[in-house]
Amino acid sequence: MPKDKTKAPSKEQKKPAQKAVGESRSGAKAGMLKYAAAIIIVVVIIGAAIFAGLYASQNQEGSFDAFKANFNSAQRVAIVVTAYNGTVLSGTVGCATAIILQIASNPNAHRNTSTIDFGIINQSSCLEAKGLLGNGPNPNYTTTSVQNCVNLTTSEPAIYINYSATMNNTVIKPRLLYIVGTSTFLRQCGIAAEIS
């Protein structure tokens, strides 16, 4: 019988095969680490997005229903208007009056006018009434600083009505309804029908 002339591989010839097996193991480990790192990054991004969404929702505009619920359930509320001149005064106070009449006469969400704090801001001061008297004599207004009236809008659910010669806009936050509008917009005061 002829001898098999194929020789068994030498030690040097075996080493590349072992090295290839070691490389594939380290490559698999590196792939697993990359996969785990990608998952961690995705989880962190999702967590950051959820946190940013929650933070933004607390500081941005809200729904009218949320404002209305806060306004109707509060012990006291504020209505603040600007009145820099006669045109502004007639528009802002007229709209505020329509809102007050609506919330005082609503049978479902009735509010006693004595729980409504009212402020009229001019260029340098503010006329403020802590609670409006229903059918009785005129409320007892005191002259205070503009800042004191503005503070009403942060301490209580509030409606702030402002005049603009050129724009109409409404900003809704959970505890503040900011209305700015032209004379025509404020005369119509559509929010009065919606507030009750």
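Throughout this document, residue positions are counted from 1 along each chain, in the order its sequence is written. Given that this is a predicted model, residues contribute local features only at a pLDDT of at least 70 and side-chain atom pairs are listed and counted only at 80 or more, while totals for whole chains, interfaces and linings are drawn from all residues. In computing side-chain values, all of the structure's heavy atoms are included and hydrogens and water are not.

Turning our attention to the sheet that holds strand β3 (residues 126–130). A sheet is described by the order of its strands in space; here seven strands give the open sequence β4-β3-β2-β1-β5-β7-β6, paired in mixed fashion. Edge strands, defined here as strands with exactly one partner in the open sheet, are β4 (142–144) and β6 (169–173). Pairs of neighbouring strands in the sheet enclose a mean axial angle of 15 degrees, with direction left out of account. The contact criterion used throughout is that any non-hydrogen atoms of two residues lie within 4.5 Å. Fitting a line to C-alpha atoms yields each axis, with helices limited to the stretch in contact; the angle taken between N-to-C directions then spans 0 to 180 degrees. Secondary structure elements are taken from DSSP: a helix is a run of H or I of four residues or more, a strand is a run of E of two residues or more, and numbering for both begins at the N terminus. Packed onto the sheet, helix α2 (residues 64–73) meets β1 (77–82), β5 (158–163), β6 and β7 (176–181) and runs at close to 120 degrees relative to β5. The sheet strands contacting helix α3 (residues 86–105) are β1, β2 (116–121) and β5, and the helix crosses β5 at an angle near 155 degrees. Any two strands are treated as partners once DSSP identifies two or more bridges connecting them.

Let us now look at the packing of aromatic side chains. Only the six-membered ring of Trp is used, alongside the rings of Phe and Tyr, when aromatic pairs are assigned; centres must lie within 6.5 Å, and planes under 30 degrees apart are stacked while those over 60 apart are edge-to-face, with the rest tilted. One pass over the structure, following the stated rule, counts three aromatic pairs. Taking the centre distance of 6.4 Å and the plane angle of 40 degrees together, the rings of Phe64 and Phe67 count as tilted. With Phe64 and Phe67 both in helix α2 and three residues apart, the pair spans about one turn of that helix. No difference in accessibility class separates Phe64 from Phe67, as the two residues are buried. Pairing Phe67 with Phe71 gives two aromatic rings, centres 5.4 Å apart and planes at 35 degrees, and the pair type is tilted. Using a 1.4 Å probe on the protein chains alone, a residue whose accessible area is under 20% of its type maximum counts as buried, one over 50% counts as exposed, and one in between counts as partly exposed.

A word on the pairing of β2. With respect to burial, β2 is a largely interior element, six of its six residues being buried. Summarising the sheet, β1 and β2 pair through six bridges and their orientation is parallel. Note that in β2 the partner of Val80 across the bridge is Gly119. The handedness of a crossover follows from its direction of travel: if, with the strands pointing away from the viewer, the path from the first strand over the helix to the second runs clockwise, the crossover is right-handed. Remark: the β1/α3/β2 crossover connection has right-handed handedness. Sheet topology note: the β2/β3 ladder contains five bridges and is antiparallel. Within the sheet, the bridge partner assigned to Phe118 lies in β3 and is Ala129. Connecting β2 to the next strand, β3, in antiparallel fashion are four residues.

Every case where a carboxyl oxygen of Asp or Glu lies within 4 Å of a side-chain nitrogen of Lys or Arg is listed as a salt bridge. Scanning all chains against the criterion turns up one salt bridge. In this structure, Arg76 and Asp117 form a salt bridge, with 2.5 Å as the shortest nitrogen-oxygen distance. Separated by 41 residues along the polypeptide, Arg76 in the loop between α2 and β1 and Asp117 in strand β2 bring together distant segments of the chain. Note on Arg76: relative accessible area 31%, which makes it partly exposed.

Relative to the helices and strands, Glu156 resides in the loop between α4 (146–155) and β5. Working convention for charge: Lys and Arg count positive, Asp and Glu count negative, and His plus the chain ends are omitted. For the buried residue Glu156, which engages in no salt bridge, the nearest side chain bearing the opposite charge is Arg76, 4.2 Å off. Apart from the residues lying within four places of it in its own chain, the contact partners of Glu156 are Arg76, Val77, Ala78, Asp117 and Arg175.

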